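# Structural features, examined
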Amino acid sequence: MPPPAAFDTTADALSTAAVIGVCGAEILGLAGYSIVPALLPQIMNAWSLSGTEGGWLAGINAGGYMLGVVPLVAATDRVSARSVYLGCAALSVISSFGLALSDAFAPALLFRALTGFGLAGMYMPGLRALTDGIAGARRARVAALYTSSFTVGTALSFLLGRAGILWGWRAAFMVAAVTGLAGLILAWTVLPRAAVRALPAKSFFPLRAVLQNRDAMILVAAYTATIWGAVGLRQWVVVFMGFCAGDPTRTDWSMLAVAALINLLGVPAGLWGNELAIRFGLRFTAILVFIATAIVTGLFGLAALLPFFMAALAALAVGLIAQGNFSNLTSGLLAVAEPHYAGATMALYSCIGFGGGFLGTVLFGFTLDRFGGTSQLGAWIAAFATSAFACLLGAAATASLSREVERKGF
């Protein structure tokens, strides 16, 4: 059955209602994404996990994303992005049910990885479904709205941790599963039905053609640094705020609210970063954001010396700055990707980028362990320094971006 006429999203008639509908489906589908970091202190305490194990559990979703994103997003060069999205949205629902039923670290790790695998078939395929057939500033703004919706979804997922505080962490995952199911139904209704371009390359994943796109590879490196640079704050903030309050195993509403607000700040951060790139150029804007993020993230561990309220405000300020490159880099990639290899280019971009999120989260936890654990100030300073270093690498990579990016889309 075709979708309602209001959601006719062929390349020539991408309606505002359709964009909003797809963004809403994305938000609902992310219900289970942030529950592990939201309830990480509770889960680590219940299963007696180390910082490294906590890092694995929080970050393995990025590992699952890496595993799935290349074949799933590259498949959108051959099959409809709609079909890929819907199938993987169903997997995300299953992963939330599975986590609710897990009783040990190993099965939870498996289902957490499935969460990332499902996201791999939702995030970039959804973006491609929205942006195929449009160009220039409109494409950049649609991409910014969609990528910002990701941060809204992850923020609301943090708030679902409230259910974990009231009724236990299993209840939070059950609520996430039901919410994800609602997102699946909405996505079936509003996702565009578009023709699929024939791929001229013989291979399923034309890696050589993608690697030959120099600007795309620079943006891949920059995106990896962006996610790595923000992951310490986004994945570990609840534990850190507990440390600021005097007990890193504690989780309460104020800590979840801080985490949710940090993720919500990704919306204005992504939008202003994108608008600045349109006005002043992507290279200049991205380098500026990277350097600012390196400074504030590198110093953020010292926020534990402040009163809790001041530490929370510092976390929000850092979150706003650190997420300024999420949308503009993605818009830049859409501008420079070869149309016939857009799916493959986006797949590699996401795979390596989220790889930075996975490695960054695990390295953050490993650094905490190496420097004395979550109860030591020096450990937090060292851990946040790893995120700052990633941002400096991102600035160095972006400096070699060509002016061609501005000509094509900014």
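Described below are features of the structure shown in this document.

Conventions adopted
- Residues numbered from 1 in each chain as written.
- Predicted model: local features only at pLDDT ≥ 70, side-chain atom pairs only at ≥ 80, totals over all residues.
- Heavy atoms only, no water.
- Helix = DSSP H or I, 4+ residues; strand = E, 2+ residues; numbered from the N terminus.
- Rg over C-alpha atoms; globule rule 2.2 N^0.38 Å.
- Buried < 20%, exposed > 50% of the residue type's maximum accessible area, 1.4 Å probe, protein only.
- Contact = heavy atoms within 4.5 Å.
- Areas by Shrake-Rupley, 256 points an atom, 1.4 Å probe, with all protein chains shown as cover.
- Lys, Arg positive; Asp, Glu negative; His and termini not counted.
- Charge placed at Lys NZ, Arg CZ, Asp CG, Glu CD.
- Salt bridge = Lys/Arg side-chain N within 4 Å of Asp/Glu carboxyl O.
- Axes fitted to C-alpha atoms, helices over the stretch in contact; angles between N-to-C directions.
- Parallel < 35°, antiparallel > 145°, perpendicular 65-115°, else oblique.
- Left-handed = near helix turned anticlockwise from the far one by under 90°.
- Disulfide = S-S within 2.5 Å.
- Phe/Tyr/Trp six-rings, centres within 6.5 Å; stacked < 30°, edge-to-face > 60°.
- Lys NZ or Arg CZ within 6 Å of the ring centre and 35° of its normal.
- Expected span 1.5 Å × (residues − 1).
- Arc of directions from axis to C-beta.
- Patch = residues over 30% accessible without salt bridge, like charges linked within 9 Å, V, L, I, M, F, W, Y side chains within 5 Å.

### Re the overall build of the protein chain
Check the secondary structure of the protein chain and you find 20 helices and zero strands. Here the C-alpha radius of gyration of the protein chain, 20 Å, is about what a compact globule of 410 residues would show, namely 22 Å. By its C-alpha atoms, the protein chain is 55 × 45 × 35 Å across when sized along the principal axes. The burial tally for the protein chain puts 60% of its 410 residues in the buried class. Taking the intrachain contacts of the protein chain between residues at least 6 apart in sequence as the baseline, contacts between residues at least 24 apart amount to 84%. Carbon and sulfur atoms form 70% of the exposed surface of the protein chain, whose accessible area is close to 14,900 Å². Positive and negative charge centroids in the protein chain, built from 22 and 15 side chains respectively, lie 5 Å apart.

### Here's the deal with the pattern of salt bridges
All chains considered together, the criterion is met by one salt bridge. Between Arg214 and Asp215 there is a salt bridge; the shortest N-O distance is 3.8 Å.

### Regarding the packing of helix α5 (residues 81-101) against helix α6 (residues 105-120)
Between α5 and α6, whose axes approach to 8 Å, the crossing angle comes to 160°. Considering the angle they form, α5 stands roughly antiparallel to α6. α6 is crossed by α5, and the crossing has left-handed handedness. Where α5 approaches α6, its residues Cys88, Leu91, Ser92, Ile94, Ser95, Gly98 and Leu99 are matched on the opposing element by Ala108, Phe111, Arg112, Leu114, Thr115, Phe117, Gly118 and Leu119.

### Some remarks on the state of the cysteines
For the structure shown, the criterion picks out zero disulfides. Of all cysteine sulfurs in the structure, the one in Cys88 sits closest to Cys23, which takes part in no disulfide; the separation is 18 Å.

### Some details on the packing of helix α1 (residues 16-29) against helix α10 (residues 169-190)
Each packed pair of helices is defined by two parameters, the angle between the axes and the distance between the axes. Interaxial distance between α1 and α10 falls to 7 Å at its minimum, and their mutual angle equals 160°. Classed by the angle they form, the pair α1 and α10 counts as roughly antiparallel. Our pair here, α1 against α10, has a crossing hand that is left-handed. Residues Gly21, Val22, Gly24, Ala25, Leu28 and Gly29 of α1 lie in contact with α10, whose contacting residues are Thr179, Gly180, Ala182, Gly183, Leu186, Ala187 and Val190.

### Topic: the packing of aromatic side chains
Under the criterion given, the structure shown has 19 aromatic pairs. Each ring, one from Tyr123 and one from Phe150, has its centre 5.0 Å from the other, and the planes form 45°; the classification is tilted. Taken together, the positions of Tyr123 in helix α7 (residues 123-131) and Phe150 in helix α8 (residues 136-159) put the pair 27 residues apart, joining distant regions of the chain. A relative accessible area of 7% means that Phe150 is categorised as buried. Ring pairing ties together the aromatic residues Trp236, Phe240, Phe243, Phe300, Phe364, Trp380 and Phe384, which thus form one cluster. Between Arg112 and the ring centre of Tyr33, over which it is positioned, the NZ or CZ distance is 6.0 Å.

### Notes on α10
Between its first and last C-alpha, α10 extends 32 Å over 22 residues, near the 32 Å set by a 1.5 Å rise per residue. Listed as buried for α10 are Trp169, Ala172, Phe173, Ala176, Ala177, Gly180, Gly183, Leu184, Ala187 and Val190. The arc that holds the buried residues of α10, viewed along the axis, is 155°, so those residues lie on one side. Opposite the buried face of α10, by more than 90 degrees, sit the exposed residues Val178 and Ile185. Here the buried face of α10 lies against α1, α2 (35-38), α3 (40-47), α5 and α9 (161-167).

### A word on the side chain of Asn61
Relative to the assigned elements, Asn61 resides in helix α4 (residues 51-74). On the basis of relative accessibility, which here comes to 2%, the residue Asn61 falls in the buried class. The residues contacting Asn61, other than those within four sequence positions of it, are Tyr33, Arg112, Ala113 and Gly116.

### Focus: the environment of Leu377
Checked against the element boundaries, Leu377 lands in helix α19 (residues 377-398). Residue classification places Leu377 among the partly exposed residues on the basis of a relative accessible area of 26%. Separated by 247 residues in sequence, Leu377 and Leu130 place their C-alpha atoms 45 Å apart. With sequence-adjacent residues up to four places away left out, Leu377 is seen in contact with Phe243, Gly301, Ala304 and Leu305.

### Some remarks on the environment of Gly168
The topology assignment puts Gly168 in the loop between α9 and α10. Taking the C-alpha atoms as reference points, Gly168 and Ala397, 229 residues apart in sequence, are found 44 Å from one another. With near-sequence residues (within four places) excluded, Gly168 lies in contact with Gln42 and Ala163.

### Regarding a nonpolar patch on the surface
On the surface, Ile291, Ile295, Leu299, Leu302 and Leu305 cluster together into a nonpolar patch covering about 490 Å² of accessible area. Here Leu302 is to be found in the loop between α15 (282-300) and α16 (308-322). A relative accessible area of 40% places Leu302 in the partly exposed class.

### Comments concerning unusual backbone geometry
Residues other than glycine seldom take positive phi values, yet Ser48 does so here, at roughly 55°. Mapping Ser48 onto the fold places it in the loop between α3 and α4.

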